[in-house]
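Listed here are the chains, written in short residue letters.
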Amino acid sequence: MTNETQHFHGEYKVIGGKLVVADVTTDGQTITEVKISGDFFLEPEEAYFDLAPALVGASVTADNAALRGRLDAALAGYGSELAMHGFSTADIATVVRRALGSAANFTDFDWQVIRGEVLPTQLNVALDQVLLEEVAAGRRQPTLRFWEWEDTATVIGAFQSYVNELRPEGVEKYDVQVVRRISGGGAMFMEGGNCITYSMFVPPALVAGLDYEESYVFLDQWVLAALKTLGVEAFYKPINDISSTGGKIGGAAQKRNRDGTLLHHATMSYDIDADKMVEVLRIGEAKISDKGVASAKKRVDPLRSQTGEARKDIIDVMADTFATRYGATYGTYTEEEIKRAQELVDEKFATEKWTHRVP
């Protein structure tokens, strides 16, 4: 590493909290000076002046836990007098890591929003791979797209077992199109109009300094804001569930390209036929127990019942919230992207080899 003095700046808006800002100076190996600021509240005031010194001397490669440990140790003497409102030592550690990782904000990019045409589920899944590759290669700007489909499908995670997740009699009875996606996570039962599904294609700098769990919440801030506009008090349940005071809404999944470019997508229930879903999916007792419910059907708490709004109107609010917050413009897929996606359907996503790669 170089021993030259380097200066870094990072900002982090705490979910449901305050803005925390870090200005960090290093010698290339360790942190030599730090300034922490923001619109947070901290009592007693003396504790504020212990934050920066606690971080001086830390390695520039220190993880969140190491930085948080330094801060907690420095503040331990205040005991019950210490009150941090709108932020925590973990948030300070996060903003320092984002500063050192040269993190960017949403508004640093020229985003595009796609309100997609109706496409077969296989093509929608293939487009996730195509657009991830296009953004990574710099041929497409960062993008948020909403899926539209009419077929009855189940999209399973990259590492799920076909046999363990699906009931063949249900798949046959309802002519379900089973498609394996490139991201991990669980199965999604998707009839046309019963879910809201979106995919984001994110530059590495936007999630720099965030760990896996933090990136989920950070990338979906706009979703939680849109749902609040619709009267839904939504929040994240680690690692990747979007929930609300009325129950679980949906779940998110991610896939990272080798260069760090990220696919982040989520599916939220709108009006799922729970009877049909449990005929198609094997929802095991362990998973039901983990969610603290008595039956699989109780896990479905659709946005329709919580908002009273039409699916299209909910997507309108979501898309407009994103565009307004981040200055995004509306666009569409290119002919080349659709062509490449169809090639991937034929070569990969429609094949038995891929679909059953985990038997």
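Cut-offs applied
Residues numbered from 1 in each chain as written. Predicted model: local features only at pLDDT ≥ 70, side-chain atom pairs only at ≥ 80, totals over all residues. Heavy atoms only, no water. Helix = DSSP H or I, 4+ residues; strand = E, 2+ residues; numbered from the N terminus. Rg over C-alpha atoms; globule rule 2.2 N^0.38 Å. Buried < 20%, exposed > 50% of the residue type's maximum accessible area, 1.4 Å probe, protein only. Contact = heavy atoms within 4.5 Å. Areas by Shrake-Rupley, 256 points an atom, 1.4 Å probe, with all protein chains shown as cover. Lys, Arg positive; Asp, Glu negative; His and termini not counted. Charge placed at Lys NZ, Arg CZ, Asp CG, Glu CD. Salt bridge = Lys/Arg side-chain N within 4 Å of Asp/Glu carboxyl O. Pairing = 2+ DSSP bridges. Right-handed = clockwise from strand over helix to strand, strands pointing away. Phe/Tyr/Trp six-rings, centres within 6.5 Å; stacked < 30°, edge-to-face > 60°.

Student: Quick one: what's the story with the overall build of the protein chain, residue by residue and with numbers?
Tutor: Along the protein chain, the regular secondary structure elements total 14 helices and 16 strands. A compact globule built from 359 residues should have a C-alpha radius of gyration of about 21 Å, and the protein chain, at 22 Å, falls within 12% of that. Per-residue burial over the protein chain gives 52% buried out of 359 residues. Sequence-distant contacts in the protein chain: of pairs separated by 6 or more residues, those separated by 24 or more amount to 70%. Accessible surface for the protein chain amounts to roughly 16100 Å². Of this, 48% is attributable to carbon and sulfur atoms. The distance from the centre of the 37 positive side-chain charges to the centre of the 53 negative ones in the protein chain is 5 Å.

Student: Could you give an account of the pattern of salt bridges, with specific residues and numbers?
Tutor: One pass over the full model with this rule turns up 13 salt bridges. Between Arg 311 and Glu 148 there is a salt bridge; the shortest N-O distance is 3.1 Å. Taken together, the residues Arg 311 in helix 12 (residues 311-326) and Glu 148 in the loop between strand 7 (143-146) and strand 8 (153-156) connect sequence positions 163 residues apart.

Student: Describe in detail the pairing of strand 6 (residues 112-115), supporting the description with residues and values.
Tutor: Judged from the four bridges that link them, strand 6 and strand 7 form a sheet pairing that is parallel. In the strand pairing of strand 7, Gln 112 is matched with Thr 143. Crossover strand 6 to strand 7 through helix 4 (residues 121-137) is right-handed. In the sheet, strand 6 pairs with strand 16 (residues 329-331) via three bridges, with the strands oriented parallel. In the sheet register, Ile 114 faces strand 16, and the bridge partner there is Gly 331.

Student: Account for the pairing of strand 2 (residues 19-26), naming residues and giving values.
Tutor: Look at any regular strand and the pattern is simple: side chains alternate between the two faces of the sheet. Of all eight residues in strand 2, six are buried, a share of seventy percent or more. Two strands pair when backbone bridges link them, and strand 1 (residues 6-13) and strand 2 are joined in this way by eight bridges, in the antiparallel orientation. Within strand 2, the position partnered with Glu 11 by the bridge is Val 21. The antiparallel hairpin formed by strand 2 and strand 3 (residues 31-38) contains four residues in its connecting segment, where Gly 28 sits at a positive phi of about 95°.

Student: Hey, could you go over the packing of aromatic side chains for me, with residue numbers and the actual values?
Tutor: Ring pairs (aromatic) are described by centroid distance and by the angle formed between their planes. Summed over all chains, the structure comprises 14 aromatic pairs. Measuring from ring centre to ring centre gives 5.3 Å for Trp 111 and Phe 322, while their planes differ by 80°; the resulting arrangement is edge-to-face. Of this pair, Trp 111 sits in the loop between helix 3 (89-100) and strand 6 while Phe 322 sits in helix 12; the two residues are 211 residues apart in sequence, bridging distant segments of the chain. Comparing Trp 111 with Phe 322, the two get one shared label, buried. Ring centres of Trp 222 and Phe 322 lie 5.2 Å apart, and the angle between their planes is 80°; this geometry places the pair in the edge-to-face category.

Purely geometric stuff here, so don't read any function into it on its own.
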